[in-house]
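Coordinate analysis (summary)
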Amino acid sequence: MAESPLYVGIDLGTTNSAAAVFDGEHVSVVRNSLGASVTPSVVRVDKQGRITVGTRARRFIEQDPANTAAEFKRLMGTGRAIDFPAAGKQLKPEQLSAEVLKALRQDIQDQLGVAVERAVISVPALFELPQSAATSEAARLAGFARVELLQEPIASALAAGWRADDDGGGTWLVFDLGGGTFDASLLETRDGLLRVVGHDGDNFLGGRDFDWVITEHLASQLAVVPSRNNPDHTSALRALRLAAEDAKIELSRGDRAQVTLAQPLVVDGQDVEVDLELTRATIERLCTPLVDRALEVCLRLMQGNGLVPGKLAKVVLVGGPTVMPIVRQRVAAKLEATIALGHDPMTLVAQGAALYAATASLDGRAASQTPMTGRQVWLQYPAVSSDLTPHVVGKFIGEGAPAKIKLVRNDGAWSSPEAPIAADGTFIMSVTLLARRACTFELVATAQDGERVAVSPPALTIVQGLTIGDPPLSRTLGVALANGHVQVYLERGAPLPARRTFTHHTVETVARGSKESVLRIPIVQGEMDQAHLCRLVGTLDIGGDGVRDTVPTGSAVEVTIELDRGGRLSARALVPAIDQVFEHVAHLLVPDASPESLDSAIGDLRRQLMDLRTDAFRNGLTQMIEKLDHLEARLSEAERDIDAAHGGDADAAQRARRALLDVDGTMADAHLARKWPELESEARSLAIGATSTVGLHGSDAERVLLQEVLAAMERARGEKDAAELERQMRLARRLSSAAFNRTAEAWEWYFDDAASEVSRTTDLPRAQKLVAEGKKAVDKGDTESLRKIVKELWALLPEDSEARKRGFESGVR
Amino acid sequence: MTTLAENPFLVLGLSVDTKRIEIEREAQKLLGMLELGFAAVKSYATPLGPRERTAEAVRAAVAALRDPYQRLVAEVWARHAPAPIETAPQVAPAPPAETHPGARRTFGWRP
């Protein structure tokens, strides 16, 4: 293995985990010490403090549930520790995940003899930033020096697309039903490049829901019925659920299964015997509504992309529950599509992660194993290329670089022409690859006298195959401002890694040495303009006890937000006035979901829902009523989870929290739709205003583009899509003001407007002085000075306290 | 929507009829050259004068051109844009709009 690369991918799943490796040509799944391709994500700590992972630990779920933890992935990022009373230990979810990762890392070492240090780990598409940070931490604890995170649907898509022999195009769907989440992704491959056309999902639908409906069905047939919201029934239900899970797997092949427990269950102090029969027909009847829920998501996604059933090239199934015949049958029937064969639904994600590790040039082995000999050269080339003739760019380090260089492919059938090396040691060449193969090229450098020069590294390897663009950012990221709005830094879909800097101004003074004086820069994620409708994901605080000097109101703050390929966030603020940088971002934990706070949140949402419903009925908004019915159903589901949370199920509590967050987001859309008449009239006046401004002052390109935007606004109006209409209106405003700002009158107009508010400014004498200077600038026609004056005046206008509250107490504008 | 100076075709230094695979190839080359500090690619010409070419801008440009709709918009802009200026204009270009948060607010967009 020493010569070929070793790319490692890990699927750290809720129920099961798997690892795969890619050597540049073949992907193989790593088997664990028991010979299995998947390892249950279960950890047990015995009374001596010894840790067991996987199948061996899973056997103890029933016998010793208190010291055996499963499904801790759902608690990642919550900071909530899990008790192991026998050993008197408490472990955080990331520590438990680290144990699973250590076990997989050991399996790789046992099988391949390499202690890998770098890998790609998959995470759910809608993982929040704290959850991603916890996953990275787990990898660090497991001994990985560097990891990249990859969204699960992209991983499965990459693996499914890689194996596709035909590049015949067409759109296809990845149906990924995991232990706890469902993801649907529409993809297309063209010219060897995989593109995610669209993605949708249900964060609250997975294999465990299938297990629960079967468990509840079994429970209902017992002499004494155990209930999910009674903490005393937890152990009985757990035993029943494990039996339900086994029966479900058995019924994937047979027609009947016997559910028998060796020990009677104890429910309310009574022994309850379990000896029930379950048929495939029964579980199909029970599970059909759940499968249909997943199919609704698929149909919605297809419709949004102009596809109807029968138009998909194929469907790839991913995840353990898709092994159930009912899932395969209904998916094929409802989507009128062929199910792609030859993919292992249990390990496809890990395989995709391994392939992606190659794309990201993340060789799993330790950085350097061989000593450097010869002239050192830095090389830049794609580790995986869909292009058959990619470029190789290089630079020799130090003085006296060789004169010429050529690349020789290791099969001897191709070599590049000899290229000159520039005086600064740089060169650019093109290489020819073999389709779907890993090609190694030897670097042959020669000195001026034609003598061969040893080069380090002596060779490079490029794999020809399917590639995927940079991962897109799943949710828009920005900074909440003191006026309650959001300054968008990175839009949804922006390719990662990404970095952006904006200059803000402080709205209050940070007094040097004062602990109470803290300027807050809240970082939020979400698609809404208003900060309070987005999620706070971190804060950057500039405290009085940390500043070199007092930072007065109106000081400039340059904020930079950066996300790496895995979506990990870092931010820094530079305050030029005191020449100091602040970098510590307080990463928020996923909020703790106490049953009481969930009760209050659901009560509030129900009230809002009732208001919206009354309104929708009054205005005859049929579509809206349908949407609200769907929300009502989601709330009822969340209610069941909250019941379970009262029974001590922390996982159900987190599920409920996320469901409520989701409903809250959809409700915000509904509120927006409620403003429809106002929005529509605003859109009309904007269209008139923008047409006249851009017509008078805009460039040709701006006029053409405005036509496009106006057409899109019209479409959104026709479809009554409030969010899309708002988005297009933003574009129209940008075009209009870009044209307006080019005119000389623009700054005079801004000046008049700002001068009329002079009495509200925080520093009246200064503002009055600025107004006097501004008047002179107007008289002289000095637009440049006027622009500066207007900017200063704006900085002196206060933000109102209500708006600041909505902006997470932001200290910047 | 990007500004005139951030047009993906300008960032990559390509014409609007460049094929997709050629765009990918050029972007990959530019990223490699930027990483190794090739002086020749550190800036690109725009109608508003030269702009700094960063790895982020190249990645964003190639991502935009992969999306059929965004490519169409970029083509419209590029076809109608005035000729790029290779050297810096005598008068400094206007600072980017984000340094005037109030202006954005006045127009009602995200400040």
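Quick caveat, the model's predicted, so the values are computed rather than measured.

Cut-offs applied
Once a new chain begins, its residue numbering starts again from 1 and follows that chain's sequence as written. Whichever chain is written first is A, and whichever ligand is written first is 1; the rest continue in order. Only residues with pLDDT of at least 70 are given local features in this predicted model, and only at 80 or more are side-chain atom pairs given and counted; all residues enter the totals for whole chains, interfaces and linings. Working definition: helices are DSSP H or I runs of at least four residues, strands are E runs of at least two. Numbering for both runs from the N terminus. Any residue with 12 or fewer other C-beta atoms within 10 Å of its own C-beta is exposed, any with 20 or more is buried, and the rest are partly exposed; the C-beta atoms used are placed from the backbone. Contact between two residues is assigned when their C-beta atoms, built from the backbone, lie within 7 Å. To get the radius of gyration, use the C-alpha atoms; to get the globule rule, take the number of residues to the power 0.38 and multiply by 2.2 Å. Where each domain begins and ends follows an automated or database-derived domain assignment. Three classes are used: nonpolar for Ala, Val, Leu, Ile, Met, Phe, Trp, Tyr, Cys and Pro, charged for Asp, Glu, Lys and Arg, and polar for all others, with Gly counted as polar. Residue-level confidence of the predictor is what pLDDT reports, using numbers from 0 through 100. By this rule, a helix spans an expected 1.5 Å times one less than how many residues it contains. Starting at the helix axis, one direction is taken to each C-beta atom, and the arc is that of these directions. Note on geometry: axes are lines fitted to C-alpha atoms, helical ones only across the stretch in contact, with angles between N-to-C directions running from 0 to 180 degrees. Angular relationships are summarised with four words: roughly parallel below 35 degrees, roughly antiparallel beyond 145, roughly perpendicular across 65 to 115, and oblique for the angles in between. The handedness criterion is simple: a crossing whose near helix is rotated anticlockwise from the far helix by less than a right angle is left-handed, and one whose near helix is rotated clockwise is right-handed. Whether two strands pair comes down to DSSP finding at least two bridges between them. Residues of type Ala, Val, Leu, Ile, Met, Phe, Trp, Tyr and Cys that are buried and joined through C-beta atoms within 7 Å form what is called a nonpolar core.

**Observations regarding the overall build of chain B**
- Secondary structure summary: chain B contains five helices and two strands in total.
- Ordered by position in the sequence, the α and β elements of chain B form the string α-α-β-β-α-α-α.
- Looking at chain B as a whole, 31% of its 111 residues qualify as buried.
- Taking the intrachain contacts of chain B between residues at least 6 apart in sequence as the baseline, contacts between residues at least 24 apart amount to 65%.

**Side note on the overall build of chain A**
- What chain A contains, in helices and strands, is 20 helices and 39 strands.
- For 813 residues, the compact-globule estimate of 2.2 N^0.38 gives 28 Å, and chain A sits close to it at 30 Å.
- Projected onto its principal axes, the C-alpha positions of chain A cover 95 × 90 × 60 Å.
- Every one of the 813 residues in chain A was classed for burial, and the buried ones make up 45%.

**What to know about the domain arrangement of chain A**
Residues and elements named next belong to chain A.
- Looking at the assigned domains, one finds that chain A contains domain 1 (7-164 + 345-359), domain 2 (169-339), domain 3 (375-468), domain 4 (595-674) and domain 5 (678-806).
- Here domain 2 and domain 4 have C-alpha centroids that lie 23 Å from each other.
- Facing seven residues of domain 2, the contacting portion of domain 4 comprises ten residues.
- In the side of domain 2 that touches domain 4, the residues fall into two nonpolar, four polar and one charged.

**Here's the deal with the confidence of the model for chain B**
Residues and elements named next belong to chain B.
- Scored by pLDDT, chain B has a mean of 78; 73% of the residues are at 70 or more.
- The weakest mean pLDDT in chain B belongs to helix α5 (residues 101-106) at 47; the strongest belongs to helix α1 (residues 8-12) at 94.
- A low-confidence stretch, residues 103-111 (pLDDT under 50), is modelled with 24 contacts involving residues beyond four sequence positions or located in other chains.
- If you check the scores for this complex, the pTM reads 0.73 and the ipTM reads 0.75.

**Some details on helix α17 (residues 744-755) of chain A**
Residue and element names in this part refer to chain A.
- Over its twelve residues, α17 runs 18 Å from end to end, which matches the ideal 16 Å to within 8%, given 1.5 Å per residue.
- For α17, the full list of buried residues reads Trp747, Tyr750, Phe751 and Ala754. One face of α17 carries all of its buried residues, which in axial projection span an arc of 100°. Away from its buried face, by an angle of more than 90 degrees, α17 presents the exposed residues Ala744, Glu745 and Asp752.

**With respect to the interface of chain B and chain A**
- Contacts between the two partners involve 34 residues from chain B and, on the opposite side, 43 residues from chain A.
- Those elements that place two or more of their residues in the side of chain B that touches chain A are α2 (20-35), α3 (55-66), α4 (68-80) and α5 of chain B.
- Here the side of chain B that touches chain A gets nine residues from one element, more than from any other, and that element is α2 of chain B.
- Split into classes, the residues belonging to the side of chain B that touches chain A amount to 16 nonpolar, eight polar and ten charged.

**What to know about the packing of helix α15 (residues 700-718) of chain A against α4 of chain B**
- For the pair α15 of chain A and α4 of chain B, the least separation of the axes is 8 Å and the interaxial angle reads 155°. For the element pair α15 of chain A / α4 of chain B, the angle class is roughly antiparallel. You can see that α15 of chain A and α4 of chain B cross each other, and the crossing is right-handed. From α15 of chain A, Asp700, Ala701, Val704 and Leu705 of chain A reach across to α4 of chain B, where they touch Val73, Val76, Trp77 and His80 of chain B.

**Overview of the sheet that holds strand β30 (residues 467-468) of chain A**
Residue and element names in this part refer to chain A.
- In spatial order, the strands read β19-β12-β13-β14-β30; together these five strands make up an open sheet with mixed pairing. This sheet does not close on itself; its edge strands, each paired only once, are β19 (315-318) and β30.
- Pairing between strand β13 (residues 182-190) and strand β14 (residues 193-202): nine bridges, direction antiparallel. Looking across to β14, one finds that leucine 186 is bridged to glycine 198.
- Sheet contacts for helix α8 (residues 280-304): β12 (171-177), β13 and β14; angle to β14, the most-contacted strand, approximately 130°.

**Details of the sheet that holds strand β36 (residues 556-563) of chain A**
Residues and elements named next belong to chain A.
- Reading across the sheet, the four strands line up as β33-β36-β37-β38 and stay open at both edges, with antiparallel pairing between neighbours. Each edge of the open sheet carries a strand with a single partner, namely β33 (498-505) and β38 (580-582). Here the strands of the sheet are splayed against their neighbours by 20° on average, with no regard to which way each runs.
- Bridge analysis of strand β37 (residues 569-575) against β38 gives three bridges, and the strand direction is antiparallel. Directly across from leucine 574, in β38, lies its bridge partner valine 581.

**Describing the packing of helix α3 (residues 93-112) of chain A against helix α4 (residues 129-141) of chain A**
Residues and elements named next belong to chain A.
- Running from N to C, α3 and α4 cross one another at 50°; their axes reach a closest spacing of 8 Å. It follows from the interaxial angle that α3 and α4 lie oblique. Of the two elements, α3 crosses α4, and the hand of that crossing is right-handed. For the pair α3 and α4, contact is made by Pro93, Glu94, Gln95, Ser97, Ala98 and Leu101 and by Ala134, Thr135, Glu137, Ala138, Ala139 and Leu141, respectively.
- Class assignment of the residues belonging to the contact of α3 with α4 gives a composition of seven nonpolar, three polar and two charged.

**What about the nonpolar core?**
Residues and elements named next belong to chain A.
- With 211 residues, the main nonpolar core has Val8, Ala20, Leu158, Phe175, Ala353, Ala354 and Ala357 as its most contacted residues.
- When residues of this core are assigned to their parent elements, the largest contribution, nine residues, is made by helix α10 (residues 348-359).
- Not counting residues within four places of it along the chain, the set of residues in contact with phenylalanine 175 comprises Ala184, Cys298, Val315, Val316, Leu317, Val318, Thr322 and Val331.
- Counting residues in hydrophobic clusters, the runner-up holds 19 residues, among them Ala616, Leu628, Ala652 and Leu660.

**Description of unusual backbone geometry**
Residues and elements named next belong to chain A.
- With omega at 0°, the peptide bond leading from serine 456 into proline 457 counts as cis.
- Checked against the element boundaries, proline 457 lands in the loop between β28 (455-456) and β29 (459-464).
- In this structure, phenylalanine 808 is a non-glycine residue whose phi angle is positive, near 55°.
- The exposure class assigned to phenylalanine 808 is buried, which follows from the 21 C-beta atoms found within 10 Å.

**Quick look at the environment of glycine 9 of chain A**
Residues and elements named next belong to chain A.
- Relative to the helices and strands, glycine 9 is located in strand β1 (residues 7-12).
- Measuring from C-alpha to C-alpha, the distance between glycine 9 and alanine 354 comes to 3.7 Å, with 345 residues separating the pair along the chain.
- In this structure glycine 9 touches Ala20, Ala119, Val120, Ala350, Gln351, Gly352, Ala353, Ala354, Leu355, Tyr356 and Ala357, once residues within four positions along its chain are discounted.

**Description of the pairing of strand β20 (residues 375-380) of chain A**
All names here are of chain A.
- Pairing of β20 with β28 involves two bridges; the strand directions are parallel. Following the sheet pairing, glutamine 376 is matched in β28 by serine 456.
- The sheet contact formed by β20 and strand β22 (residues 391-396) spans four bridges and is antiparallel. Considered in β22, the bridge of glutamine 380 is made with valine 393.

**Looking at α15 of chain A**
All names here are of chain A.
- Its 19 residues place the ends of α15 27 Å apart at the C-alpha level, agreeing with the 27 Å of an ideal helix rising 1.5 Å per residue.
- Of all the residues in α15, the buried ones are Ala701, Glu702, Leu705, Leu706, Val709, Leu710, Met713 and Ala716. Along the axis of α15, the buried positions cluster into a sector of 165°, meaning they face one direction only. Opposite the buried face of α15, by more than 90 degrees, sit the exposed residues Ala711 and Gly718.
- Positive backbone phi, approximately 55°, marks lysine 720, located one or two places after α15.

**Some thoughts on the environment of arginine 804 of chain A**
- Within the secondary structure layout, arginine 804 of chain A lies in helix α20 (residues 801-806).
- A C-alpha to C-alpha distance of 55 Å links arginine 804 of chain A and leucine 388 of chain A, two positions 416 residues apart in sequence.

**Here's the deal with the environment of glutamate 52 of chain B**
All names here are of chain B.
- For glutamate 52, the location among the structural elements is in strand β2 (residues 51-52).
- Owing to 8 C-beta atoms within 10 Å, glutamate 52 belongs among the exposed residues under this scheme.
- For the pair glutamate 52 and arginine 79, spaced 27 residues apart in the sequence, the C-alpha separation amounts to 22 Å.
- Residues in contact with glutamate 52, not counting those within four places in the same chain, are Lys42 and Ser43.

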